[in-house]
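The lines below spell out each chain.
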Amino acid sequence: MKILVTGGCGFIGSAVVRLAIERGHEVTNVDALTYAACPANVESVADNSKYHFEHVDIRDAAELRRVFTEFRPDTVMHLAAESHVDRSIDGPGDFVTTNVLGTFNMLEAARDYWTSREKSQDFRFHHISTDEVYGSLGVEGLFTEDTCYDPRSPYSACKASSDHLVRAWHETYGLPVVLTNCSNNYGPYHFPEKLVPLVIIKALRGQQIPIYGKGDNVRDWLFVEDHADALLLVLQHGMNGRSYNIGGENERTNVQMVQTLCGILDRLRPKPDGSSYSSQITFVADRPGHDKRYAIDPTRIRHELGWSPSVTVEEGLEQTVLWYLDNEEWWQSLLSRDGFETRLGKAK
Ligand SMILES: NC(=O)c1ccc[n+]([C@@H]2O[C@H](COP(=O)([O-])OP(=O)(O)OC[C@H]3O[C@@H](n4cnc5c(N)ncnc54)[C@H](O)[C@@H]3O)[C@@H](O)[C@H]2O)c1
């Protein structure tokens, strides 16, 4: 397949690009290279003749049309987005322009192109979204594809808006689409401002490891390479117009995640004084409107498409810690970018 991927220099997009190239697909990666992008994430495929890069902002409608006309994709995987909830609270503007208007531009460019291809029913616009659109769960229950949308942060509200646009383009214009809503990812190449890499890096640097509130917020964690695998499966076998929840059935509180990471580090890189990295944990003022619990019911993707994750969260976290220990140059080069020292982790 010829796949147009947006956001392919980010965390999940780059995992998709690497896997798609490994499986023999041709990929054009459209990325504006924002603060969250790392071209090094796709270095392993950069010289592959099936990989192309377009430095394009999805807010630029004319440039998107050019890319569609020149590359002539069979399918689209739309991942480009502003993705950090804390940043959406500090400054929601970019979230509206990229996640909402950018998705509108993508849909219009795709619709024009699809119309020029006589509305081929083989074409797919795969919109990659999040479980955060469903809002917050209490102690029980799971998000299914039929759960009502109830977004609560600027990030999740913008992602929910983009999901609605994608469904509307399907219902109104007949554009062939699939949607996926995934739980929290972790793994190699994760930008240092997100919880898992932040904990590993702060621990290794001997700094305080910040946890929001009491650390009892629950997330459902999935290894990024399992997410990429699920996305390619949905792209190829998902039913037109349908959405699929993707999750690993790995609910953990934030404290449990941090303690697990500290335990792995204690084993793999013991501190010279013999103390545990967990002694660096500090509880900090909570995020405003912090959703309590997310948990995915992945029955549809498991039963209809036969997908299941390849690793447990403990195995995936061990691989992730090893990757950060082996790739210090990668994350060191990102620490000077806006955010790492100043954002999460302001002690009370
Ligand atoms: N990280 C998660 O746990 C998670 C979970 C479920 C869904 N998602 C969704 O998956 C997608 C990718 O998330 P991620 O964590 O890899 O994000 P990321 O922040 O690591 O990467 C986003 C990429 O999009 C690019 N981008 C941003 N604005 C752009 C614009 N205007 N034009 C073109 N490119 C632009 C950035 O340069 C970057 O390369 C997002 O749509 C996100 O909502 C993420």
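See the structure shown above.
Residues numbered from 1 in each chain as written. Predicted model: local features only at pLDDT ≥ 70, side-chain atom pairs only at ≥ 80, totals over all residues. Heavy atoms only, no water.

## Describing helix 5 (residues 154–173)
Okay, so step 1: For helix 5, built from 20 residues, the straight-helix expectation of 28 Å at 1.5 Å per residue is met to within 8% by its first-to-last C-alpha distance of 28 Å.
Okay, so step 2: Those residues of helix 5 that sit buried are Y155, S156, C158, K159, A160, S162, D163, L165, V166, W169 and H170.
Okay, so step 3: Looking at the packing, one finds that the buried side of helix 5 touches helix 3 (85–90), helix 4 (93–116), strand 5 (124–130) and strand 6 (177–182).
Okay, so step 4: Downstream of helix 5 by one or two residues, G174 has phi in the positive range, about 80°. (Helix = DSSP H or I, 4+ residues; strand = E, 2+ residues; numbered from the N terminus. Expected span 1.5 Å × (residues − 1). Buried < 20%, exposed > 50% of the residue type's maximum accessible area, 1.4 Å probe, protein only. Contact = heavy atoms within 4.5 Å.)

## So, the site of the ligand
Okay, so step 1: Residues in close proximity to the ligand total 30 residues, the closest being I12, D31, S83, Y155 and K159.
Okay, so step 2: The separation between an oxygen atom of the ligand and a polar side-chain atom of S83 is 2.7 Å.
Okay, so step 3: One of the backbone nitrogen or oxygen atoms of N185 is found 2.9 Å away from an oxygen atom of the ligand.
Okay, so step 4: Look at the ligand: alone it shows 840 Å² of surface, and the protein chains cover 96% of it.
Okay, so step 5: Grouping the amino acids of the shell around the ligand by side-chain chemistry returns 15 nonpolar, 11 polar and four charged. (Near = heavy atom within 4 Å. Polar contact = N/O pair within 3.5 Å; in protein donor to acceptor, adjacent residues only side chain to side chain. Areas by Shrake-Rupley, 256 points an atom, 1.4 Å probe, with all protein chains shown as cover. Nonpolar A, V, L, I, M, F, W, Y, C, P; charged D, E, K, R; others polar.)

## Notes on the layout of surface pockets
Okay, so step 1: Its boundaries defined by the atoms lining it, the second largest pocket holds a volume of some 180 Å³.
Okay, so step 2: In terms of lining residues, the second largest pocket is bounded by C38, P39, A40, E43, D326, N327, E328, E329, W330, S333, L334 and R337.
Okay, so step 3: Examining the composition of the lining of the second largest pocket, we find that three residues originate from one element, helix 11 (residues 328–332), more than from any other.
Okay, so step 4: Considered class by class, the residues forming the lining of the second largest pocket number five nonpolar, two polar and five charged. (1 Å grid on protein atoms, 1.4 Å probe; cavity = no way out; pocket = protein on both sides within 12 Å on 5 of 7 lines; lining within 4 Å. Points joined across faces, edges and corners; volume = space filled by probe spheres on them.)

## Some remarks on the sheet that holds strand 2 (residues 26–30)
Okay, so step 1: The seven strands lie next to each other as 3-2-1-4-5-6-11, forming an open sheet whose pairing is parallel. Each having just a single partner strand, strand 3 (51–54) and strand 11 (243–246) make up the two edges of the open sheet. Pairs of neighbouring strands in the sheet enclose a mean axial angle of 20°, with direction left out of account.
Okay, so step 2: Here four bridges tie strand 2 to strand 3, and the two strands are oriented parallel to one another. (Pairing = 2+ DSSP bridges. Axes fitted to C-alpha atoms, helices over the stretch in contact; angles between N-to-C directions.)

## Some remarks on the side chain of R124
Okay, so step 1: Tracing the sequence through the fold places R124 in strand 5.
Okay, so step 2: No salt bridge is formed by the buried R124. Its closest oppositely charged neighbour is D122, at 6.2 Å.
Okay, so step 3: Reaching out from R124, the side chain makes a polar contact with the backbone oxygen of Q121 at a distance of 3.0 Å.
Okay, so step 4: R124 has contacts with D74, T75, V76, P176, V177, V178, L235, G238 and N240, leaving out every residue within four places of it along the chain. (Lys, Arg positive; Asp, Glu negative; His and termini not counted. Salt bridge = Lys/Arg side-chain N within 4 Å of Asp/Glu carboxyl O.)

## A look at the pattern of salt bridges
Okay, so step 1: Under the definition given, this model contains 18 salt bridges.
Okay, so step 2: Linking R59 and D94 is a salt bridge whose minimum nitrogen-to-oxygen distance equals 3.8 Å. Of this pair, R59 sits in the loop between strand 3 and helix 2 (61–71) while D94 sits in helix 4, placing them 35 residues apart in sequence.
Okay, so step 3: Here R59 falls in the partly exposed class, since its relative accessible area comes to 38%.

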